[in-house]
Amino acid sequence: MTYLFKPEDPKALPIAGEDTLFPVHRIFCVGRNYAKHAEEMGSDPDREPPFFFMKPDSALMINPQTVPFPSATQKLHHEVELVVALHKGGENLKKKEALSCVYGYGTGVDLTRRDLQEVAKDKRHPWASAKAFDCSAPVSTLTPLPGQEWDGNSTIRLSVNDERRQKAEISHMTWSIREVISHLSRLFALMPGDLIFTGTPAGVGPLDIGDRVQAEIDGLHPLDFKIG
Ligand code: MN
């Protein structure tokens, strides 16, 4: 049998120092993982457990130079996030087992149609149009660090047109990498190729056409793109 039409090839991320590519399977995202960001979004950071949403592979942009301003929004927001790449899977992983799934880390930006998200929250609608749109997930080259937690003392930062918007230490995450993986593995059978966006610190804000976005995490490959 042949396919009715040619299926898409998997998207794949470059790996620093390697000739091989990391084929991406799914993109999971943590909803709130830094207390100050939960507060700026009007939530109580202490009472709410982590929750997850997803982006399709059509959202992924690999080291983009330009990211298109999406349709149907007047309020495109940036959220810089540490991205975890998994090369193993599993279900119901204990915290002490969780890091064995980790292949490496990258820098990501969870682009959000904030106006559509605000409507969705009000109406208790799903977040697909706010979060899962095309080109909404720029991700950098991966840095391999198999089985290891990312250094909590490193800083995550985002600037727009050289103005600092977001800055925090990774250790300020409410839920650690191993806790996020363990929690997620109770909800989904994790698989090699899965990416996890681990949540954004405070300082999210609007982007316009022509803006230059620089996203950095100490020790990882940065992102540097324009909104076009
Ligand atoms: Mn996010």
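As shown above, the structure is provided for reference.
Residues numbered from 1 in each chain as written. Predicted model: local features only at pLDDT ≥ 70, side-chain atom pairs only at ≥ 80, totals over all residues. Heavy atoms only, no water.

**What to know about the coordination of the manganese ion**
(1) Moving on: Bound to the manganese ion are the protein donor atoms E79 (OE), E81 (OE) and D110 (OD), situated 2.0 to 2.2 Å from the metal.
(2) Moving on: By relative accessible area, which is 1% here, D110 ends up buried. (Donors = N, O, S within 2.8 Å, 3.2 Å for Na, K, Ca; no water. Buried < 20%, exposed > 50% of the residue type's maximum accessible area, 1.4 Å probe, protein only.)

**As for the sheet that holds strand β6 (residues 66-67)**
(1) Moving on: Strand order across the open sheet formed by five strands is β6-β18-β17-β13-β14, with mixed pairing between neighbours. Edge strands, defined here as strands with exactly one partner in the open sheet, are β6 and β14 (163-169).
(2) Moving on: Pairing between strand β13 (residues 155-160) and β14: six bridges, direction antiparallel. Along β14, the bridge assignment pairs L158 with Q166. (Pairing = 2+ DSSP bridges. Helix = DSSP H or I, 4+ residues; strand = E, 2+ residues; numbered from the N terminus.)

**Looking at the sheet that holds strand β16 (residues 205-207)**
Strand-to-strand pairing in sheets goes through backbone hydrogen bonds, with the strands running parallel or antiparallel.
(1) Moving on: Read from one edge to the other, the open sheet built from three strands follows the order β10-β7-β16, with strand pairing classed as antiparallel. Every interior strand has two partners, whereas the edge strands, β10 (112-113) and β16, have only one.
(2) Moving on: In the sheet, strand β7 (residues 76-78) pairs with β10 via two bridges, with the strands oriented antiparallel. Counted as the bridge partner of L76 is R113 from β10.

**Overview of the pattern of salt bridges**
(1) Moving on: Counted according to the given criterion, the structure contains 13 salt bridges.
(2) Moving on: Ionic pairing is found between D110 and K55, a salt bridge with its closest N-O pair at 2.8 Å. Of this pair, D110 sits in the loop between β9 (102-109) and β10 while K55 sits in strand β4 (residues 52-55), and the two are 55 residues apart along the sequence. For the residue pair D110 and K55, the accessibility class agrees, reading buried in each case.
(3) Moving on: A salt bridge links D224 to R212; the shortest N-O distance between them is 2.6 Å. Placement of the pair is D224 in strand β18 (residues 223-227) and R212 in strand β17 (residues 212-217), with a sequence separation of 12 residues.
(4) Moving on: The exposure class of D224 is partly exposed, given its relative accessible area of 36%.
(5) Moving on: For R212, a relative accessible area of 31% gives the class partly exposed. (Salt bridge = Lys/Arg side-chain N within 4 Å of Asp/Glu carboxyl O.)

**Observations concerning unusual backbone geometry**
(1) Moving on: Located in the positive-phi region is R124, a residue other than glycine, with phi close to 55°.
(2) Moving on: Along the polypeptide, R124 turns up in the loop between α3 (114-123) and α4 (128-131).
(3) Moving on: In this structure R124 comes out as exposed when scored by relative accessible area, which is 78%.
(4) Moving on: Phi is positive for N161, which is not a glycine, with a value near 50°.

**Section: helix α5 (residues 177-187)**
(1) Moving on: Among the residues of α5, I177, V180, I181, S182, L184 and S185 are the ones counted as buried.
(2) Moving on: Residues of α5 that are buried make contact with β3 (27-30), β4, β8 (80-86), α2 (95-98), β9 and β15 (195-197). (Contact = heavy atoms within 4.5 Å.)

**Let's talk about α3**
(1) Moving on: Residues of α3 that are buried include every one of R114, D115, Q117 and A120, and no others.
(2) Moving on: The positive-phi residue at the C-terminal boundary of α3 is R124, with phi of around 55°.

**Brief notes about the nonpolar core**
(1) Moving on: L82, V84, L86, Y105, I177, I181 and I196 are the most contacted members of the largest nonpolar core, which totals 42 residues.
(2) Moving on: Put simply, the parts of the chain that give this core at least two residues each are β3, β8, β9, β13, α5, β17 and β18.
(3) Moving on: Contact partners of I196, with chain neighbours within four places excluded, come to F28, V30, L82, V83, V84, L86, V180, I181 and L184.
(4) Moving on: Judged by nonpolar contacts, the second largest core, of 19 residues, contains V24, A85, A137 and V139. (Core = buried A, V, L, I, M, F, W, Y, C linked by side-chain atoms within 4.5 Å.)

**Overview of the pairing of β13**
Regular strands show a simple pattern: their side chains alternate between the two faces of the sheet.
(1) Moving on: Most of β13 sits out of view: six of its six residues are buried.
(2) Moving on: In β13, alternate side chains face the same way, and those of T155, R157 and S159 on one face and I156, L158 and V160 on the other are all buried.
(3) Moving on: Turn length for the β13-β14 hairpin, with the two strands adjacent in sequence and antiparallel, is two residues, and the turn residue N161 shows positive phi of about 50°.
(4) Moving on: Here β13 runs beside β17; their pairing, made up of five bridges, is antiparallel. Of the residues in β17, the one forming a bridge with S159 is Q214.

**What to know about the environment of V67**
(1) Moving on: Relative to the helices and strands, V67 is located in strand β6.
(2) Moving on: Assessed through its relative accessible area of 1%, V67 is described here as buried.
(3) Moving on: Separated by 133 residues in the primary sequence, V67 and T200 place their C-alpha atoms 19 Å from one another.
(4) Moving on: When neighbours within four sequence positions are excluded, V67 is seen to be in contact with M61, L111, C135, P138, F225, K226, I227 and G228.

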